[in-house]
Amino acid sequence: MAAARMPQKTAGAGGSKGFKGSSQGSGSGRFGGSVRAVGRALRLPLTAAVRGIRKATHAHGAGESGLGKLIELHAVNGAGDVMITVALASTVFFSVPTDEARGRVALYLAITMAPFTLLAPVIGPLLDRLPHGRRAAMAGAMLARALLALVIAGAAAGGGLELYPAALGVLVASKAYGVVRSAVVPRLLPPAFSLVKANSRVTLGGLLATGIAAPIGAGLQAVGPRWPLLGAFVIFVAGTFLSFSLPPKVDSAKGEDRALLAADEQHLHGPRRKPPKRPGLRTVGTAVTHALAANAALRCLSGFLIFFLAFLLREHPLTGSSAAVSLGIVGVAAGTGNALGTAVGAWLRSRAPEIIIVTVVAIVLGTAITAAVFFGAFLVACLAAVAGFGQALAKLSLDALIQRDVPEQVRTSAFARSETLLQVAWVLGGAIGIVLPLNGVLGLSVGAGIVAAGWAPTVRGLVASARQGGATRPRVA
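K.L.:
Could you give an account of the overall build of the protein, naming the residues involved and the relevant values?
P.N.:
For the protein, the helix and strand inventory stands at 14 helices and zero strands. For the protein, buried positions account for 47% of its 477 residues. The contacts in the protein between residues at least 6 apart in sequence include a share of 83% that link residues at least 24 apart. In the structure as shown, the protein presents an accessible area of about 22,200 Å², 68% of it carried by carbon and sulfur atoms.

K.L.:
Describe the nonpolar core, listing the residues and the values that go with them.
P.N.:
Side chains that are nonpolar tend, in soluble globular proteins, to be buried together. With 97 residues, the main nonpolar core has L67, L70, I84, M138, I152, L305 and L309 as its most contacted residues. Broken down by element, the residue count for this core peaks at 15 residues, all from helix α9 (residues 286-315). Residues within four places of L70 in sequence aside, it is in contact with M138, R181, V184, V185, L188, V202 and L246. In terms of nonpolar packing, the next biggest core, distinct from the first, is built from six residues, V105, F307, V427 and I434 among them.

K.L.:
Residue-level account of the environment of T210, with values.
P.N.:
Within the fold, T210 resides in helix α7 (residues 195-223). With 129 residues separating them in the primary sequence, T210 and D81 have C-alpha atoms 8.2 Å apart. Contacts of T210, omitting those with residues within four sequence positions, involve G78 and V82.

K.L.:
Which residues make up helix α8 (residues 227-243), and what values go with them?
P.N.:
An α-helix turns once per 3.6 residues; consequently, residues spaced three or four apart project the same way. Taking 1.5 Å as the rise per residue, α8 with 17 residues should run 24 Å; its terminal C-alpha atoms sit 24 Å apart, in good agreement. Listed in full, the buried residues belonging to α8 are P228, L229, G231, A232, I235, F236, G239, T240 and S243.

K.L.:
Can you explain the pattern of salt bridges? Please cite residues and give values.
P.N.:
Opposite charge on two side chains allows them to pair when their charged atoms are near. Evaluation of the coordinates by the stated rule reveals two salt bridges. The salt bridge partner of R145 is D81, with a shortest N-O separation of 3.0 Å. Linking R145 in helix α5 (residues 134-158) with D81 in helix α3 (residues 67-94), this pair joins segments that are 64 residues apart in sequence. What makes D81 buried here is its relative accessible area of 18%. In this structure, K395 and D399 form a salt bridge, with 2.8 Å as the shortest nitrogen-oxygen distance. With K395 and D399 both in helix α12 (residues 377-405) and four residues apart, the pair spans about one turn of that helix. Relative accessible area serves as the criterion here: at 14%, K395 is assigned to the buried category.

K.L.:
Account for the packing of α9 against helix α10 (residues 323-348), naming residues and giving values.
P.N.:
For the pair α9 and α10, the least separation of the axes is 8 Å and the interaxial angle reads 145 degrees. With respect to the hand of their crossing, α9 and α10 are arranged in right-handed fashion. For the pair α9 and α10, contact is made by L309, A310, L313 and R314 and by A323, S326, L327 and V330, respectively.

What counts, and where the lines are drawn
- Residues numbered from 1 in each chain as written.
- Predicted model: local features only at pLDDT ≥ 70, side-chain atom pairs only at ≥ 80, totals over all residues.
- Heavy atoms only, no water.
- Helix = DSSP H or I, 4+ residues; strand = E, 2+ residues; numbered from the N terminus.
- Buried < 20%, exposed > 50% of the residue type's maximum accessible area, 1.4 Å probe, protein only.
- Contact = heavy atoms within 4.5 Å.
- Areas by Shrake-Rupley, 256 points an atom, 1.4 Å probe, with all protein chains shown as cover.
- Core = buried A, V, L, I, M, F, W, Y, C linked by side-chain atoms within 4.5 Å.
- Expected span 1.5 Å × (residues − 1).
- Salt bridge = Lys/Arg side-chain N within 4 Å of Asp/Glu carboxyl O.
- Axes fitted to C-alpha atoms, helices over the stretch in contact; angles between N-to-C directions.
- Left-handed = near helix turned anticlockwise from the far one by under 90°.

Written out as structure tokens, the structure is:
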């Protein structure tokens, strides 16, 4: 009996152990499956968002041509820049009373913007000499801003003077990236894609990233003044690697030449008295130079409004709002107008770019005059929105004119030079905005004068060019 019961006990024991072991295995399997399910659920919003972004940026052949990766790179650039902007604005502008802030911002302009005004005309020619290293140039601009963000973080915490030269370095690197990016876009056009449509996609990518990163940067700023700069460091490091993911054809300069901003015959000396065979911007007709002047007026207005309204609304907020809310309203209005102008530009493509520029500048001028005469909160927000809309749409139309009238051999250089001039105009507008008294009617009247100064001398030439159907492209031997 005992012997007979032993196997049962053993079997029972064995069976019990076997049952217990399988229970443990099943339990751990269920636990592991639950963990994986939770992980998939947590990753789903992120992966779905990434897939959606990738699908949008790579649509209509943009993925195959490489334009999609440039859109993503420009989004990274916009996010990093806005992080640094939030940190600098809090350090230089919001941390002190208005009168002291004006002095600090004026010092900031003197130390950063004034040297940049001298350096900006050099950026285009320098980058023209490095046509085979555009990916490296964009990566260098990203890496420089990543390292400078760390320098600014240390200066913001300790109050060091290195803040100003580091901010200048960030500004120069940012504009260098912008110049190279303008030169790269024509190399990445998908089939049947206009340059206006491509530029609008790139710009929209940057605007969306800026809109997402701005509140994140403000939240990080609330945690500590260094955190937005550390976030910028991470973003720009990612951008450094992403720059090298662009197609190798970005670095190709086959068939390209350099463009000049004045007629060659009038500016050559010594052994090069004989005009070269390559054309300058003024040798391809007046449409491009007139459009560039009109765009410079809008870009100058943009810089003016940023600085003037920043101080005006801090001292005299919009009715029923605090200074921070007033600045936020104007900023959102400008960003919305910019995005809408970019979207409309993509829809219009390259239809009658001269007429588009004349029309939008006239609309901005009319809005500025109305806002100056009937100064009020609503009209200030309307002016910010209309100025953003006009700037975006006019810039896309300028791109279309360069694509139409400038020969392919010098088109890349023309984009670089025009972008440099527009940045100088922005700096000039900012300088005007910082020195004016905080009088709304006076300030907006000056803004209207800036637009009129750029629009009045160019309207006749642009309309004449539109009637003639565009300038005839010269041949390049």
